[in-house]
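# Reading the structure
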Amino acid sequence: EKIAGGFLMEPVTLVVSIIVALASIVIYFLISGRRSARGDKLLLFGPMGGGKTCLFLQLRYGKSHPTFTSMQKTSARCTFHREQRGTSASPRSVVLVDAPGSGSLRSQLLAEASSAAVLACVLDATELQSQCKEAAGMIFDVLTQDSVQHRSPPLLIVANKTDLTNAASIMMAKQQLEGEVHKVRLARTTMQDTSGRGKRTSFINNASAGPFSFDQIESHVELVSCSATKPNLDSFMDAVHKYIR
């Protein structure tokens with residue numbers, strides 16, 4: 001049956017076209033929601049003594065303060081300003097969260113990680129071995145959460161105190177941390193196999209995937225060097241500005 005400018009579509013063809021169009025729209029928004037900005041929460045976590053609370057205070061107040069071990073999370077909304085390439089970049093309004101570093105308070109970290117736009121693991125580069133050993137369990141627990149795996153927020157590995165002569169390099173921190181995460185994965189997956197229970201399989205909790213590497217997880221991973229006691233945090237701010245719009 002003809003109409004002005006063409007022909008009427010067959011009913012079946014019309015229905016199929018509509019279904020295909022709707023499916024394409026749904027897939028687009030699912031992918032966009034997974035990979036685009038996911039909010040404005042910047043979560044600082046890591047071992048006690050790594051410098052995350054000092055970094056939190058530097059970001060919030062622009063200067064360092066004496067710190068102490070906290071048993072509760074600390075949060076504040078801050079506006080980040082950053083000068084880039086000689087021009088003033090758009091300010092970022094960020095919800096800054098400092099999660100407790102104690103292993104007994106891991107539930108607070110995991111609760112905050114489920115909705116974080118950016119994850120930042122802060123390590124003391126002058127105490128690399130002990131810091132990486134403790135941080136590895138935190139990173140494994142965070143990255144194996146279903147909510148985190150679904151959203152794949154970026155992960156910043158922040159090496160603090162890199163201005164000191166006895167500090168390890170950021171690449172050394174990455175290699176050490178990957179080795180420790182691999183050990184945690186082997187231990188955790190063995191326990192899951194024994195109990196018969198486990199989280200859904202992904203690269204990070206799949207021991208048969210070989211040595212663990214940050215290059216092989218879905219989240220974007222960036223390495224950042226800084227000194228939390230000093231106001232110049234350009235490399236850290238640059239990384240945050242990429243992901244929080």
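Residues numbered from 1 in each chain as written. Predicted model: local features only at pLDDT ≥ 70, side-chain atom pairs only at ≥ 80, totals over all residues. Heavy atoms only, no water.

## Topic: the overall build of the protein
When its secondary structure is counted, the protein shows seven helices and ten strands. Residue pairs in contact within the protein that sit at least 24 positions apart in sequence constitute 75% of those at least 6 positions apart. Just so you have it, the protein exposes about 13100 Å², and 57% of that area is on carbon and sulfur atoms. (Helix = DSSP H or I, 4+ residues; strand = E, 2+ residues; numbered from the N terminus. Contact = heavy atoms within 4.5 Å. Areas by Shrake-Rupley, 256 points an atom, 1.4 Å probe, with all protein chains shown as cover.)

## With respect to the state of the cysteines
Put plainly, a disulfide is one covalent bond tying together the sulfur atoms of two cysteines. Going through the model one piece at a time under the given rule, you end up with zero disulfides. Between C54, a cysteine without a disulfide, and C226, which holds the nearest cysteine sulfur, the sulfur-to-sulfur distance is 8.9 Å. A relative accessible area of 6% places C226 in the buried class. (Disulfide = S-S within 2.5 Å. Buried < 20%, exposed > 50% of the residue type's maximum accessible area, 1.4 Å probe, protein only.)

## Topic: the pattern of salt bridges
Under the definition given, this model contains twelve salt bridges. A salt bridge links K174 to E178; its shortest N-O distance comes to 2.9 Å. Here the residue K174 and the residue E178 both occupy positions in helix α6 (residues 170-195), the gap between them amounting to four residues, near one helical turn. You can call K174 buried: its relative accessible area is 12%. Classification of E178 as buried rests on a relative accessible area of 10%. (Salt bridge = Lys/Arg side-chain N within 4 Å of Asp/Glu carboxyl O.)

## Thoughts on the confidence of the model for the protein
Do not read the predicted coordinates in detail wherever pLDDT is low. Per-residue confidence for the protein gives a mean pLDDT of 82; residues scoring 70 or more make up 75%. Low pLDDT, under 50, characterises residues 1-7; the predicted model gives this stretch four contacts beyond four residues in sequence or across chains. Note that residues 28-37 has pLDDT below 50 and, in this model, ten contacts with residues that lie over four places away or in other chains. (pLDDT = per-residue confidence, 0-100.)

## Some words on the packing of aromatic side chains
Taken as a whole and assessed by the stated rule, the structure comprises one aromatic pair. Consider the rings of F212 and F214, whose centres lie 5.1 Å apart with planes at 80°: the pair is edge-to-face. Residue F212 is classed as buried on the basis of its relative accessible area of 5%. (Phe/Tyr/Trp six-rings, centres within 6.5 Å; stacked < 30°, edge-to-face > 60°.)

## Quick look at the environment of K161
When you line up the elements, K161 lands in the loop between β9 (155-160) and α6. By relative accessible area, K161 is classed as partly exposed at 29%. Placed 69 residues apart in sequence, K161 and K230 show a C-alpha to C-alpha distance of 9.6 Å. Setting aside residues no more than four positions away along its own chain, K161 makes contact with D124, T126, A167, C226 and S227. Within the local environment of K161, its side chain forms a polar contact with the side chain of D124, the two groups lying 3.1 Å apart. (Polar contact = N/O pair within 3.5 Å; in protein donor to acceptor, adjacent residues only side chain to side chain.)

## Quick notes on the environment of S90
Its place among the elements puts S90 in the loop between β6 (87-88) and β7 (92-98). S90 sits in the partly exposed class, given a relative accessible area of 48%. For the pair S90 and F80, spaced ten residues apart in sequence, the C-alpha separation works out to 8.8 Å. For S90, the contacting residues outside a window of four places in its chain are F80 and H241.

## A short note on the sheet that holds β9
Within a sheet, each strand pairs with its neighbour through backbone hydrogen bonds, oriented either parallel or antiparallel. Reading across the sheet, the six strands line up as β4-β7-β3-β8-β9-β10 and stay open at both edges, with mixed pairing between neighbours. Here the strands that pair on one side only, and so sit at the sheet edges, are β4 (74-80) and β10 (221-226). Direction aside, neighbouring strands of the sheet carry axes that sit 25° apart on average. Sheet topology places strand β3 (residues 41-45) next to β7; four bridges connect them, and they run parallel. Bridged to L43 within β7 is V97. (Pairing = 2+ DSSP bridges. Axes fitted to C-alpha atoms, helices over the stretch in contact; angles between N-to-C directions.)

## Some details on the nonpolar core
Core analysis: the biggest nonpolar cluster contains 31 residues, and F45, L119, I139 and L143 have the highest contact counts within it. Contributing elements (two or more residues each) for this core: β3, α3 (106-113), β8 (118-124), α4 (128-143), β9 and α6. Among the elements that take part in this core, α4 stands out by supplying nine residues, more than any other. Among the nonpolar cores identified, the runner-up in size contains 28 residues, and L59, V118, V224 and Y243 belong to it. (Core = buried A, V, L, I, M, F, W, Y, C linked by side-chain atoms within 4.5 Å.)

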